Each structure stands twice: as C-alpha cells, then as structure tokens.
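Given next are the chains, with one letter for each unit.
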Amino acid sequence: MARLTPTTAPWRVLVLAVAALYFLVPLAASVVFTVDVPGQGFTLDAYARILDTEGFLPSLLLSLELAAATVAVVLLLMVPATVALRLSAPKLRPVVEVVCSLPLVVPPIAFVASIGTVLKWGPEHLSRTPLFQTFVAVQNPGFPVVLVLAYAVMALPFAYRALDAGLRAVDVRTLVEAARSCGASMPYALLRAVLPNLRGALLNASFLTLALVLGEFTTAQLLGFRPFAVWIVNISGSQAQMSVAVSVMSLLVTWLLLLLLAGFGGRRTPSTTTDRK
Amino acid sequence: MTPAMTLTAPEKTAATAAATVELRSLRRSFGATTALDGLDLTVRPGELLALLGPSGCGKTTALRMLAGFETPDSGEILVDGKDITGVPAHRRDAGMVFQSYSLFPHLDAVDNVAFGLRMRKVRTAERRARAAELLDLVGLADKGGRFPHQLSGGQQQRVALARALALRPRVLLLDEPLSALDAKVRLTLREEIRRLQQELGITTLFITHDQEEALSMADRVAVMRAGRLEQIATPAELYARPATAFVAEFVGTMSRIPGRLRPAGASGTSGAASVEVLGRRLLVDGTPPEAAGTADAEVDVLVRPESVQVAADDAGPARVLATSFLGATVRLTVALPDGTRVKADLPAHEAAALTAGAAVRLSLPDRPVLVAPRTA
C-alpha cells in the first residue's frame, strides 16, 4: 500500500477515506448492533449465546474440514497440471484455461441441480452394485465428499488463474533444467527448484479456495448439508442480534484463517521478506 | 581465506582426468525444421571449444543434447568413448551455465552453489564449505548470503558458473552465458571463464553467436551452419584460412572483389590455379570452387579489410564512400568502378587524407587469396 508521505496527493487520501467508509461503516454498524441492545446497554450476550446454540461447533468444524480437503484436492490437481502445461504442452494452455473457466459460466443453480439429479439417479440404477455404497459414502452428512468435489470444481477458475500468474513469473523450464544439470531427478527438480518459487501462487490459490468454501451456501443448502454458512442462515430468522453476531464472527474467523495461512506461508521465504531494492 | 587462485586437491585430480566428448552424426528435427543434420564433432580433453554460428544453426540443440535435455533422432554422444545418449540429464556428468539467469530465486548464493551437493546428500557443513570455496573461486566470497535478486547480472552468472562446477563435472557446458550482460562485464567475465577453465583443465563447450567472443576465448572454434559443421580449427587458422566462403564471411569481416579464375595448367600459369583481380594475377589459396571449374569463370575474391591496400591516386578508379574511425585504424568503405563495395582498414595516420569522395587505387598484397563462386 502506498505510504502516506507528505507528498501523497490529496485525491489518494480521499479515495482511501471513501473506500474505508464503504467497507468499515457496515462492519462497525453490525458490531454496534450486536453489542448495544436497546434497554440493556453494552453487552456481549449475543456472542456468548453463539457458543450455546445447537450446531455451532459441528458446522464450523465441518466447514473447516471441507475447506482443508478442497484446498488439498485443488492444489494436488492443479499444480501438477499447470506445471506440466508449462513444461511439455504449452499448446494446450488455452484449452485448459477455457475448461477451468467453465464453472464461472455455468450458473451455480444449474450445477447443483445436476449434481442433485446424479445423486438421485445413481442409487436407483446402481442399487445392486458396489457403487451404491459409494453413492451413500460421498453423501455422508458427517463429511460430504460430494461437497468437496463440487467445491473443487467451483474453485478451478480461481486456482488456475492464481497458479498461472505465479508460473508466469518463474522460468520453469530453465529452473528445471538447471536443477537437472545439478543432478536432481525430475520429481526432485520440481519439488526443490520449482515449488518453493510458487509459494506465493500456492498461497493465493489456497486463499481463494478457502474463502470460497467458507462462504459457499447454495450448493450445501440445496444438497441438504449443514456447513457454517448454511447454519448461519438457518438460525438468523429467529434471533436478530445473534445472527449478526455470527456473521461478524464468521468474518473474523475467515480473516484469522487467512492471516494464519499467510503467516505460515510467509515464513522461510527470504526472497519476499528481505529488503527488495 | 585462501586466495582465489588456489585449488583443492580433488579439483586437480579432476583436471588430470579431463574428458573427451564425441558427437557422432547427430540428427534432430523439430517438425519441418532440421536443427541438426548429421553433426560430427570431437572435443579434446581439457580444451575450450566454441560452437559458433548464426541463430538457428543448431548449436544450442547440440549443447542441449550433450546436457541431456534433448534426444537425438539418430546418432550418438560419447564421453570418453562411452555412449551416454540414453543417460538422463541428471546422471550425466555435465555442469551447465544458461543464457538466461537460472539461479534458484528462493536460495541464496551459497545454497544455489550447494544445490547439487544437496542432491548428492553431502553433509550440510561440508557442502557449505565447498560452496564457499567455489564462490571464492569466482570472486564472490563475500556475497554468499545474497539472494539472486540482490546480485547483478554478472554476479548471477558467476554464481551459476560456481554452481555448475560444484559437482566437479567432467564437461562444462556454457550456453551463451554472456549474452545477457553489458559489454564491459562481458569482457571481464570472458577472461574469468577462460582463466577458470584453464586452471581446472575441464573440457568445455561454449556456445556463442559472437565471433569475437569465440575467437578470443576458445582453443578451437567450430563453425556451424544449418545443422552441420562447417569448419573446426584454431581461432588463428579459422581467421586466416577459412575453409568455406560461409566461414570466411561469418568470422571477421570479408569483402568480395570480382575476379576471373584461371584454372590450373592454363597458359601463362605455373601449375596452380590463379585469379585475376584488380589488374594483377594472384594464386588461389586452397582448391578453387568446383562450380567455377571452367576457364575464365567469374568468381569473387574474398579479402580481409586489413589486407586491402589503399593509396590516394587522383587518377584512381575507386572512390572512398565513407570512413569510420576505430581508434588505431580507420575503416574505409571504397566503391570500385563497377559499384562493388570493399572495406579496408588503414592505420589512422595514413587515412588522414582520405575523406569521403577521394579518388583512390586499391591493391592486394602478393599472397594467395580465397576465392568463392560469384554471388548474384
């Protein structure tokens, strides 16, 4: 961010102030609403009640588990794919780019409806095969694998773009060849020479995926699962203060997770933490 | 600290066991383009061989094959007589310095140099010591903790050189390592690479499209054209006795002066073929071009600027077109009556009177000359 030195143009300050107002006022209003109850004065009661409400912890944990699994699936799928694309099949790049952008084009509602149809159709036709159990297992409410799969698809456009931008900044081919001429086998060269230089891109991809999963409502709701976002909506009708308090908290939780991820990924990256001239 | 010149014992051992590299009828095509068209090349133990040629002549492909990054369609690569064509890149004993900056951005200079040693599972303390020693060798002992983005281009290529030498390779491959650097750094690094290469006695293949670089550094220079070897010779021989017209014109500056060939045995000649040029008869160096086998064929005589003599002569048929001051010499561009342009180098003091437009007379010294078929 630009430092506010004396030479900073006044319009910059203005833009910053307007933006800050735009983002902070609703946030501040939410917080005030939850802690300043008419007739009671300042109270943290709404926040205290969250912890007692049925389903808070299980749904939060479910969301976190889903997020972790989705990040893992997306990275395991996309990192090898994008690196391979750079190294051996640069001509396929536009194809992959289009395929990865498809989830942006297909409306989520159509996406979910299709998944729902498949989930209904599957057991009917496969009831006598072992695949029936697979269909049951992916819909286990304790950990719905089907949601992870759906989220992985939905995160593809963001993950692809983040990784592609990261790879663009690195001369993958030369790094791999340099590592190979230093005696590193191909997997080792990718692991030791390329991956560490993609740290920023991996972090970005993880960020976006995490934020997407924590905030996703449509798919989970329509398929009948109950992660955090669905839980918030479910309880919001009955208790006004608490539902806003939960939103504020989910915001804080997301921030906290992103900060943790940044802190975790930011360590041991001297190239980004040492002074750049 | 040890001075930069001292070498450790293992390095001296490596020096005594320099490798011979042979490329045998290598062929490789990428789609419709043929990068290598039956390349044969032998690099002698401990020599620095420069591969010189215009871009697209296949020199980089040849080097990458030696490194193991490309596989030939046919032909074989031998190191000390052993076929390594099928050996993967990471098991070949070759260190490589790349044209683009290829240091690992996430590692500091020491760790970059020690990268290969880490792959070999050398203990941390030992590999850091060895890396520091190599950095010392390339004159960067105090820059070990710097990251690539904190180093200048020249320094980065030095680190890359140290990294390439870290595993004591039998062969050192340099793929235009200086082409991204500015002129001054290029000159010093050129000398440094040569010094190191001679100290270590390591067999080195150096790719360049800069003929000056090739001539000044190499023990021998191999000129490539369209995937084939055109000539391989010492720099002096390459310059003085180019085997083909292509080599003659690619290495150094050459002018073409029209002449008339008198085949061997023709009347008035003493056995050898000769050529009539600028009003006198000179012997032909080497074999005259086959296409011009018939008597009185029109040919071009190839001359270096320094062997063209220019004298001011008001009645002279030639005119000075332009002069360009090069320090010790002045390069004149002279137009012959038929419009042919010839470049000539004169000592600066002799050229003082010769300005553009002056009438001059050209002559050639009485030495055998190179002859090429007339180009349109």
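All figures in this text were calculated on a predicted structure; none of them were measured in a lab.

What counts, and at which threshold
Residues numbered from 1 in each chain as written. Chains lettered and ligands numbered in written order. Predicted model: local features only at pLDDT ≥ 70, side-chain atom pairs only at ≥ 80, totals over all residues. Heavy atoms only, no water. UniProt positions renumbered as here; feature names shortened; annotations may be inferred. Helix = DSSP H or I, 4+ residues; strand = E, 2+ residues; numbered from the N terminus. Phe/Tyr/Trp six-rings, centres within 6.5 Å; stacked < 30°, edge-to-face > 60°. Buried < 20%, exposed > 50% of the residue type's maximum accessible area, 1.4 Å probe, protein only. Lys NZ or Arg CZ within 6 Å of the ring centre and 35° of its normal. Pairing = 2+ DSSP bridges. Axes fitted to C-alpha atoms, helices over the stretch in contact; angles between N-to-C directions. Contact = heavy atoms within 4.5 Å. Salt bridge = Lys/Arg side-chain N within 4 Å of Asp/Glu carboxyl O. Buried area = accessible area lost by both parts, 1.4 Å probe. Polar contact = N/O pair within 3.5 Å; in protein donor to acceptor, adjacent residues only side chain to side chain. Nonpolar A, V, L, I, M, F, W, Y, C, P; charged D, E, K, R; others polar.

> Report on the UniProt feature "transmembrane region" (unreviewed entry) in chain A, specifying residues and quantitative values.
Residues and elements named next belong to chain A. According to UniProt, the positions carrying the feature "transmembrane region" (unreviewed entry) are residues 66-87, 99-122, 142-163, 201-224 and 244-264. Along residues 66-87 one finds 100% helix and 0% strand; the C-alpha atoms at either end are 32 Å apart. Its end C-alpha atoms 30 Å apart, residues 244-264 is made of 100% helix and 0% strand.

> Quick one: what's the story with the packing of aromatic side chains, residue by residue and with numbers?
The tally for this structure, following the rule as stated, stands at seven aromatic pairs over all chains. Taking 6.0 Å as the distance between ring centres and 65° as the angle between the ring planes, the aromatic pair formed by phenylalanine 56 of chain A and phenylalanine 228 of chain A counts as edge-to-face. Highlighted residues: phenylalanine 56 of chain A in helix H3 (residues 56-87) and phenylalanine 228 of chain A in helix H12 (residues 228-236), separated in sequence by 172 residues. There is no split in this pair, since phenylalanine 56 of chain A and phenylalanine 228 of chain A are both buried. Aromatic side chains phenylalanine 104 of chain B and phenylalanine 115 of chain B sit 4.4 Å apart centroid to centroid with 45° between the ring planes, which places their arrangement in the tilted category. Placement of the pair is phenylalanine 104 of chain B in the loop between strand S6 (94-97) and helix H3 (109-119) and phenylalanine 115 of chain B in helix H3, with a sequence separation of 11 residues. Accessibility classification places phenylalanine 104 of chain B together with phenylalanine 115 of chain B in one group, the buried group. Site record: aromatic cluster; members linked through ring pairs are Phe56, Phe228 and Trp231 of chain A. In this arrangement the basic side chain of arginine 163 of chain B is found over the ring face of phenylalanine 104 of chain B, its NZ or CZ atom lying 4.6 Å from the centre. In this structure, arginine 304 of chain B is placed above the aromatic ring of tyrosine 239 of chain B, and the distance from its NZ or CZ to the ring centre is 3.9 Å.

> So, the sheet that holds S6 of chain B: which residues are in play, and what are the values?
Residues and elements named next belong to chain B. Taken in spatial order, the six strands make up an open sheet running S6-S7-S8-S3-S9-S10, and their pairing is mixed. Pairing within the sheet leaves two strands with one partner each, and these edge strands are S6 and strand S10 (228-233). Between one strand axis and the next, the sheet turns by 20° as a mean value, whatever way the strands run. Here four bridges tie strand S3 (residues 48-52) to strand S9 (residues 220-225), and the two strands are oriented parallel to one another. Considered in S9, the bridge of leucine 52 is made with valine 223. Sheet strands touched by helix H5 (residues 153-165): S6 and strand S7 (171-175). Its angle to S6, the strand with the most contacts, is close to 170°.

> Describe the pattern of salt bridges, listing the residues and the values that go with them.
All names here are of chain B. According to the stated counting rule, one finds 33 salt bridges over all chains in the structure shown. Ionic pairing is found between arginine 27 and aspartate 37, a salt bridge with its closest N-O pair at 2.7 Å. Taken together, the residues span a long stretch of sequence, with arginine 27 in strand S1 (residues 21-30) and aspartate 37 in strand S2 (residues 33-43) at a distance of 10 residues. Overall, the relative accessible area of 25% leaves aspartate 37 in the partly exposed class. Across the salt bridge formed by glutamate 70 and arginine 64, the nearest N and O atoms sit 3.3 Å from each other. Neither glutamate 70 nor arginine 64 differs from the other in exposure class; each is buried.

> Residues and numbers for helix H2 (residues 59-67) of chain B, please.
Residue and element names in this part refer to chain B. Counting buried positions along H2 yields eight of nine residues, so the element is predominantly enclosed. Taken as a whole, H2 has its buried residues at Lys59, Thr61, Ala62, Leu63, Arg64, Met65, Leu66 and Ala67. Downstream of H2 by a residue or two, glycine 68 has a phi angle that is positive, lying close to 95°.

> Describe the interface of chain B and chain A, listing the residues and the values that go with them.
Each side of the interface is counted separately: chain B has 24 residues, and chain A has 23 residues. Counting each side, the surface lost to burial between chain B and chain A is near 2200 Å², with a carbon and sulfur contribution of 61%. Contact with chain A buries surface across chain B, with His90, His106 and Met119 of chain B losing the most and accounting together for 26% of the total. At the junction of chain B with chain A, the criterion picks out one salt bridge. We note a salt bridge from arginine 64 of chain B to glutamate 177 of chain A, for which the minimum N-O separation is 2.6 Å. Run the count over chain B and chain A and you get four residue pairs in polar contact (both at pLDDT 80 or more). Tallied by class, the residues present in the side of chain B that touches chain A amount to 12 nonpolar, eight polar and four charged.

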